[in-house]
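Breakdown of the fold
What follows is the residue order along each chain.
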Amino acid sequence: MSARPAAAQVTSATESTDPCCAEPLPVLGRDVTVPLVTGGEVTYAALDYAASAPALQRVWDDVAAYAPYYGSVHRGAGYLSQLSTDLFENSRTAVAEFLGCREDDQVIFTRSTTDSLNLLAAALPADCQVFVFETEHHASLLPWRDARVTYLNAPRTPDEAVQTLERALADRDPSPSSQLRSSRGGPTGPALVCVTGASNVTGELWPVRELAAAAHAHGARIVLDAAQLAPHHPVSIDELDVDWVAFSGHKLYAPFGSGVLAGRSDWLRGAEPYLAGGGASRKVARRTDGGVDVEWHDTAARHEAGSPNVIGVYSIASACKALTEAGFDELVARERHLIAKVREGLAEVPAVRVLSLFGDDAPRVGVISFVVDGWNSSHFAAALSAEYGIGVRDGLFCAHPLVRTLLGSEPDEPGECGAPEAAPGEKSLNAIRVSFGAGTPDEHVERFVRAVKELVADGARWSYRTEDGRCVPDTSVAA
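Not measured: the values here are computed from a predicted model.

Concerning the overall build of the protein
Each helix and strand in the protein was counted, giving 13 helices and 21 strands. A fraction of 70% describes how many contacts in the protein between residues 6 or more apart in sequence connect residues 24 or more apart. Here the protein displays about 20,300 Å² of accessible surface, and carbon together with sulfur accounts for 50% of that area.

Points about the pattern of salt bridges
Opposite charge on two side chains permits pairing when their charged atoms draw close. Taken as a whole, this structure holds 24 salt bridges when the rule is applied. Salt-bridge contacts for Arg287 lead to Asp289; the nearest nitrogen and oxygen are separated by 3.1 Å. Note on Arg287: relative accessible area 34%, which makes it partly exposed. We classify Asp289 as exposed; its relative accessible area is 58%. Among the charged side chains, a salt-bridge network with shared partners connects Arg221, Asp243, Arg264 and Asp266.

Focus on unusual backbone geometry
Trans peptide bonds make up most of the peptide bonds, and negative phi angles are found at most residues other than glycine. Even without a glycine there, the phi angle at Phe397 is positive, about 60 degrees. The class for Phe397 is buried, based on a relative accessible area of 1%.

Focus on helix H6 (residues 208-217)
Turn by turn, an α-helix covers 3.6 residues, leaving residues three or four places apart pointing in a common direction. Residues Val208, Leu211, Ala212, Ala214 and Ala215 constitute the buried set of H6. Seen end-on, H6 carries its buried residues on one side only, within an arc spanning 160 degrees. Contact partners of the buried residues in H6: helix H5 (158-170), strand E9 (191-196), strand E10 (221-225) and helix H7 (237-240). Phi turns positive, to about 75 degrees, at Gly219, one or two residues after H6.

Side note on the sheet that holds strand E5 (residues 129-133)
One open sheet accounts for seven strands, arranged E4-E12-E11-E10-E9-E5-E6; its pairing is mixed. Every interior strand has two partners, whereas the edge strands, strand E4 (106-110) and strand E6 (148-152), have only one. Pairs of neighbouring strands in the sheet enclose a mean axial angle of 20 degrees, with direction left out of account. Sheet strands in contact with helix H2 (residues 79-98) are E4, strand E11 (244-248) and strand E12 (259-263), and its direction is about 115 degrees off that of E4.

Brief notes about H5
Under the 1.5 Å per step criterion, the end-to-end length of H5 is 19 Å for 13 residues, consistent within 8% with the ideal 18 Å. Listed in full, the buried residues belonging to H5 are Ala161, Val162, Thr164, Leu165, Ala168 and Leu169. When H5 is viewed along its axis, its buried side chains cluster within an angular range of 160 degrees and face the same direction.

Some words on the confidence of the model for the protein
Mean pLDDT for the protein: 89, with 87% of residues reaching 70 or above. Here residues 1-17 is modelled with pLDDT under 50, and outside its nearest four sequence neighbours on either side it reaches 40 contacts, counting other chains as well. Scored below 50 in pLDDT, residues 422-426 shows three contacts in the model against residues more than four places distant or in partner chains.

Quick look at the sheet that holds strand E15 (residues 352-354)
Pairing is antiparallel in the open sheet, where four strands are placed in the order E15-E16-E19-E18. Every interior strand has two partners, whereas the edge strands, E15 and strand E18 (393-395), have only one. Shown here is a sheet whose adjacent strand axes are inclined to one another by a mean of 30 degrees, direction ignored. Relative to strand E16 (residues 367-372), E15 runs antiparallel, the two sharing three bridges. Along E16, the bridge assignment pairs Val354 with Phe370.

A word on the pairing of strand E20 (residues 464-467)
One ladder, built from four bridges, connects E20 with strand E21 (residues 470-473); its direction is antiparallel. Among the inter-strand pairings, Tyr464 is bridged to a residue of E21, identified as Pro473. Connecting E20 to the next strand, E21, in antiparallel fashion are two residues, including Asp468 with a positive phi near 55 degrees.

Structural notes on the packing of aromatic side chains
Summed over all chains, the structure comprises 12 aromatic pairs. Ring geometry for Phe370 against Phe448: centres 6.0 Å apart, planes inclined by 70 degrees, an arrangement best described as edge-to-face. Here Phe370 is found in strand E16, whereas its partner Phe448 is found in helix H13 (residues 442-458), with 78 residues between them in sequence. One aromatic cluster is present, formed by Phe370, Trp375, Phe380 and Phe448 through successive ring pairs. Between the NZ or CZ atom of Arg461 and the centre of the ring of Tyr388, over which it lies, the distance is 5.2 Å.

What about the environment of Ser236?
Its place among the elements puts Ser236 in the loop between E10 and H7. Look at Ser236 and you get buried, because its relative accessible area is 13%. Separated by 134 residues in the primary sequence, Ser236 and Arg102 place their C-alpha atoms 9.4 Å from one another. Residues in contact with Ser236, not counting those within four places in the same chain, are Leu99, Gly100 and Asp241.

Quick notes on the side chain of Arg172
Position of Arg172 relative to the elements: it lies in the loop between H5 and strand E7 (180-181). For Arg172, a relative accessible area of 8% gives the class buried. At 2.7 Å, the side chain of Arg172 and the backbone oxygen of Gly189 are in polar contact. A polar contact of 2.7 Å, which involves the side chain of Arg172, links it to the backbone oxygen of His218.

A look at the packing of H5 against H6
Where H5 meets H6, the closest approach of the two axes is 9 Å, and the angle between their N-to-C directions is 15 degrees. One way to sum up the angle between H5 and H6 is to call them roughly parallel. Between H5 and H6 the crossing geometry is right-handed. Between H5 and H6, the contacting residues are Ala161, Val162, Leu165, Glu166 and Leu169 on the first element and Glu210, Leu211, Ala214 and Ala215 on the second. Residues of the contact of H5 with H6, tallied by class, amount to seven nonpolar, no polar and two charged.

Basis of the calculations
- Residues numbered from 1 in each chain as written.
- Predicted model: local features only at pLDDT ≥ 70, side-chain atom pairs only at ≥ 80, totals over all residues.
- Heavy atoms only, no water.
- Helix = DSSP H or I, 4+ residues; strand = E, 2+ residues; numbered from the N terminus.
- Contact = heavy atoms within 4.5 Å.
- Areas by Shrake-Rupley, 256 points an atom, 1.4 Å probe, with all protein chains shown as cover.
- Salt bridge = Lys/Arg side-chain N within 4 Å of Asp/Glu carboxyl O.
- Buried < 20%, exposed > 50% of the residue type's maximum accessible area, 1.4 Å probe, protein only.
- Arc of directions from axis to C-beta.
- Pairing = 2+ DSSP bridges.
- Axes fitted to C-alpha atoms, helices over the stretch in contact; angles between N-to-C directions.
- Expected span 1.5 Å × (residues − 1).
- pLDDT = per-residue confidence, 0-100.
- Phe/Tyr/Trp six-rings, centres within 6.5 Å; stacked < 30°, edge-to-face > 60°.
- Lys NZ or Arg CZ within 6 Å of the ring centre and 35° of its normal.
- Polar contact = N/O pair within 3.5 Å; in protein donor to acceptor, adjacent residues only side chain to side chain.
- Parallel < 35°, antiparallel > 145°, perpendicular 65-115°, else oblique.
- Left-handed = near helix turned anticlockwise from the far one by under 90°.
- Nonpolar A, V, L, I, M, F, W, Y, C, P; charged D, E, K, R; others polar.

The structure is reproduced here in structure tokens:
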């Protein structure tokens, strides 16, 4: 039985031999027009890929072709149920190939990166100590709070990141219950390092392979948050030598609310199911005392209770295949071309300061955050949207400690409206983030750079006000 019904196929991103001239991959929404507050309409420039990337046309076509065949997964003897089950499990295989999984790794389907990392947090063995940099997205910063967690300060170079982790692991707390011995002779228990592959704030790539080597040298395991890395660069569990990888479909051009946790199976098999229910159980029987005995699966099904999101899972598999077929070499080269356009354009505006941990020369993906002198970032982002049809993100990007570290002691910026509320004793700080990827045409980033220059030079053409904490155009009066 075919795992995928016939669907429209999308060819490679380009037939050109020059990757910088490659055409963007077809995505939904590329022809959507939006109204401008100043009058007229313009094609929408979606430059918020780091939040949710638009769906690849290939993904949409594949899902539409499957939709008439939709049926229950692992639940029925009928043809559609069997086809859906086959498609679901073949999607697991496709994701494993995309991630370069090892033979005994498990691929577990979840709702998102956040869900994946919370699942792993629930599977930590007793006395496990977790190490996480303050630079992480909240999805990988917060799930470990019930464990013995050590938060590491933001490093300013990749080498410093590795050295900081090595020191922390060498000095980690002893675990009386463990029989293992560290290189220093003291008792050590299980440990886990959680690190991002690419920052959702600065776009900078982290030294994942070196951090994995440091973790393993000290008897720790490592999980990679690849939410921002996987859409832009190839990710191989085997080559990076990480123990787990987590990512989300909605950042990988695959909508419908699905995610992945892939990697070593032992901690996952040894943990209670993340959710208790049908699908996770192999056998359930009443006891004579009135209770219930349960035998749980030891496969990925152990943590996939309930009817699975087969369309979400299939969309991830479709996106994995589409990106692989397009060729990451071409995708990376074209993205570097776009990054250069944005960075060179912003560098021509003295009022703009790009945020960075590792410096201007650090390799990065298409995620750039910045602040503008004389502007509150919410006001600036609102003007980009209302007056130019450009969608970006403003705020702290669910990475509050990192953004506050990067903004540091800067004074409050004046702004017409939209300043987010600060915590007690803290300043009201926020930034602007522009992000793009495989579906972004040159015109969108060129329009963005022009808009930044015009807003800084001439100011907004419209008046704005605060509504429900957001900066919005004041439609009662023109600027």
